[in-house]
Amino acid sequence: MPESLYFFIMLFSFIFFAAIKIPISVSLMFSALCGAIASGHFFPLRHLVEGSFGYLDAILIIASAMIFMESIKASGLLEDFAVRITHRFKRNPLFLLIIMTLFIMSAGMITGSSSAAVLTTGAIAFPVLKDLGLNKKKAGALIAMSAIFGMIAPPINIPAMLIGQGVDMPFIGFTAPLLFLTFPLAIITALMIGVKEVKAIDDTTLKNPEPFGTKWMLYLPIVIFIALMILENTSSVSLGLPLVFMLCALIATLTSRENFIKVSVKALKESINILSILIGVGMFIQIMTLNGTRGVIVDFLNGLPDIILILGIAFGIPLFGAVSSYGSASVLGVPFLLAFLGNNDIMVCASLSLLAGLGDMVPPTALAGIFAAHVVGEKNYFNVWLRALPSFFLTMLFGTLTLYYSKYFAGIVNSNLFYPVFFAIIILFAIVLIVIDKKRYSLRGDSV
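Since the model is a prediction, treat every value here as computed from it, not as a measurement.

So, how was this worked out
- Residues numbered from 1 in each chain as written.
- Predicted model: local features only at pLDDT ≥ 70, side-chain atom pairs only at ≥ 80, totals over all residues.
- Heavy atoms only, no water.
- Helix = DSSP H or I, 4+ residues; strand = E, 2+ residues; numbered from the N terminus.
- Rg over C-alpha atoms; globule rule 2.2 N^0.38 Å.
- Buried < 20%, exposed > 50% of the residue type's maximum accessible area, 1.4 Å probe, protein only.
- Contact = heavy atoms within 4.5 Å.
- Salt bridge = Lys/Arg side-chain N within 4 Å of Asp/Glu carboxyl O.
- Core = buried A, V, L, I, M, F, W, Y, C linked by side-chain atoms within 4.5 Å.
- Expected span 1.5 Å × (residues − 1).
- 1 Å grid on protein atoms, 1.4 Å probe; cavity = no way out; pocket = protein on both sides within 12 Å on 5 of 7 lines; lining within 4 Å.
- Points joined across faces, edges and corners; volume = space filled by probe spheres on them.
- Nonpolar A, V, L, I, M, F, W, Y, C, P; charged D, E, K, R; others polar.
- Phe/Tyr/Trp six-rings, centres within 6.5 Å; stacked < 30°, edge-to-face > 60°.
- Lys NZ or Arg CZ within 6 Å of the ring centre and 35° of its normal.

Asks: An account of the overall build of the chain is needed here, citing residue identities and associated values.
Replies: If you tally the helices and strands in the chain, you get 21 helices and 0 strands. Here the C-alpha radius of gyration of the chain, 22 Å, is about what a compact globule of 448 residues would show, namely 22 Å. Taking the principal axes of the C-alpha coordinates as reference, the chain spans close to 75 × 50 × 50 Å. Burial statistics for the chain: of 448 residues in total, 54% are counted as buried. Sequence-distant contacts, at least 24 apart, represent 81% of the contacts inside the chain between residues at least 6 apart.

Asks: Lay out the pattern of salt bridges in plain terms, naming residues and giving numbers.
Replies: This structure, assessed with the given rule, holds 4 salt bridges. Linking arginine 84 and aspartate 80 is a salt bridge whose minimum nitrogen-to-oxygen distance equals 2.7 Å. Of the two residues, arginine 84 and aspartate 80 both sit in helix 5 (residues 77-88), 4 residues apart, roughly one turn of that helix. Note on accessibility: arginine 84 and aspartate 80 belong to one class, buried. The partner of lysine 138 in a salt bridge is glutamate 197, and the shortest N-O contact between them spans 2.8 Å. Separated by 59 residues along the polypeptide, lysine 138 in helix 8 (residues 136-152) and glutamate 197 in the loop between helix 10 (175-194) and helix 11 (220-234) bring together distant segments of the chain.

Asks: Could you give an account of the nonpolar core, naming the residues involved and the relevant values?
Replies: Leu129, Ile158, Phe245, Ile313, Tyr326 and Leu352 are the most contacted members of the largest nonpolar core, which has 153 residues in total. Non-local contacts of leucine 129, meaning those with residues more than four positions away in its chain, are made with Leu97, Met100, Ile104, Leu134, Ala139, Leu142 and Ile143.

Asks: Pulling in residues and values, what's your account of helix 10?
Replies: In a regular helix each residue adds 1.5 Å, so 20 residues correspond to 28 Å; helix 10 covers 28 Å between its end C-alpha atoms and thus fits that length. Taken across its 20 residues, helix 10 has 15 buried, putting it largely inside the fold.

Asks: Let's hear about the layout of surface pockets: which residues, and what values?
Replies: Size it by volume and the largest pocket reaches roughly 1400 Å³. Taken together, 38 residues make up the lining of the largest pocket; nearest its centre are Met109, Pro154, Pro155, Phe225 and Ile226. Counting only elements with at least two residues in the lining of the largest pocket, the list comes to helix 4 (56-75), helix 5, helix 6 (93-111), helix 10, helix 11 and helix 21 (418-444). Looking at side-chain class alone, the lining of the largest pocket contains 32 nonpolar, 5 polar and 1 charged residues.

Asks: I'd love a proper account of helix 12 (residues 241-256), names of residues and values included.
Replies: Given a rise of 1.5 Å per residue, 16 residues ought to cover 22 Å, and the 23 Å separating the end C-alpha atoms of helix 12 matches this to within 8%. One or two positions beyond helix 12, positive phi appears at arginine 257, with a value near 60°.

Asks: Account for the packing of aromatic side chains, naming residues and giving values.
Replies: The full count for this structure, using the stated rule, is 24 aromatic pairs. Ring geometry for phenylalanine 171 against phenylalanine 174: centres 4.9 Å apart, planes inclined by 15°, an arrangement best described as stacked. By the ring-pair criterion, three or more aromatic residues cluster together here, those being Phe183, Phe418, Tyr419, Phe422 and Phe423. It is arginine 88 that lies over the ring of phenylalanine 89; its NZ or CZ is 4.9 Å from the centre.

Asks: Got a sec to walk through the environment of methionine 288? Specific residues and values, please.
Replies: Within the secondary structure, methionine 288 sits in helix 13 (residues 260-290). Given a relative accessible area of 1%, methionine 288 falls into the buried group. With 283 residues separating them in the primary sequence, methionine 288 and leucine 5 have C-alpha atoms 12 Å apart. Those residues in contact with methionine 288 that lie beyond four places of it in its chain are Phe7, Met10, Thr293, Arg294, Ile297 and Val331.

Asks: How would you sum up the environment of serine 330? Please name residues and give values.
Replies: When you line up the elements, serine 330 lands in helix 16 (residues 325-339). Here serine 330 falls in the buried class, since its relative accessible area comes to 1%. Each C-alpha atom of the pair serine 330 and proline 159 lies 7.5 Å from the other, and the pair is 171 residues apart in sequence. Leaving out residues up to four positions away in the same chain, serine 330 has contacts with Tyr55, Leu162, Val281, Ile285 and Pro335.

Encoded structure:
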């Protein structure tokens, strides 16, 4: 069948271009051209341009979110928050470990990028993790995995958006499934990595926070952002995420007297690689549709036995994500979602996005792991990667199970009791950690 040949031409040309160090975005474009030429379409300019605009919504969200993150980072909000939270919970190391994990996740939740999370909140959290007793390898592993969980957690999940756009499914109704998939895994990962090492923080190593009365304006952009997000989800008023991010970024630069243009240019420079990958992915998917490759893949997957299909998803999506988690979501996520039609599409899509996000920890690219190693000063990335492996395989297993039993798990997350029960469990767990911290360190006789 010629369509199968076109697929392998596109796939192997992409691998070849990536292997010779051509940027991923350009490799995707070149491999799309190879697929077009092989199928007799030569240089289909209209389709290439149309494909490059296929993920315009995601591009606008990432660009504006990166500007927002850079604005609140430049204003000093992130650093001030880290100092205050550390000073407040210095005697509750287990609880503080979980708080810092969620803090690292926050940048990924806003930008949809694990790399952005590692380089912003991850870099700010590292000194705190070090004071808690984690060595560089374990701190790097926690930062990398937390960044990936943040990338998948709501409100912004670019891989899920890419998969959904491939089948014309709007990004609606994902909040509960993504909370269910990411927050428990993040908490378990933090405890797996740090429960034996953490210790109460010595006062002498801490920087005292400045009076809140002089810093409260820093938090105004976050308060407005939360208010606008609630308005977006509970009323008919909709500004759109890009406009929400830009308004809050502008407020952040005004309250901190930072230059908005300078901050925006810096943010866009840091995000250009991610944005260009989305353009390349759009071209790649458009040509796959043009030459019939996409349909052949779906037909092939639908004919596979369940066990082979599940193993292909569990290992194939993270491995392909080594090149690009976004590319994995689009190229493999879309046909795998189509292969599971008849199940709960939202739960399947959310699970596939979790598996795609793991690609950011797969060598040789392993963006989250490599950046995390750089942030903690660990020269050998594999030392960080090895410490993250238990969490990596646990996440792979959980993502695969939630995909296969999507109807069952969808029943849980779509229940009216989900949010009350979910947050009640989180609060109860936090109380338990605080109690354990109190007993653990009073028995040791620690004083801080």
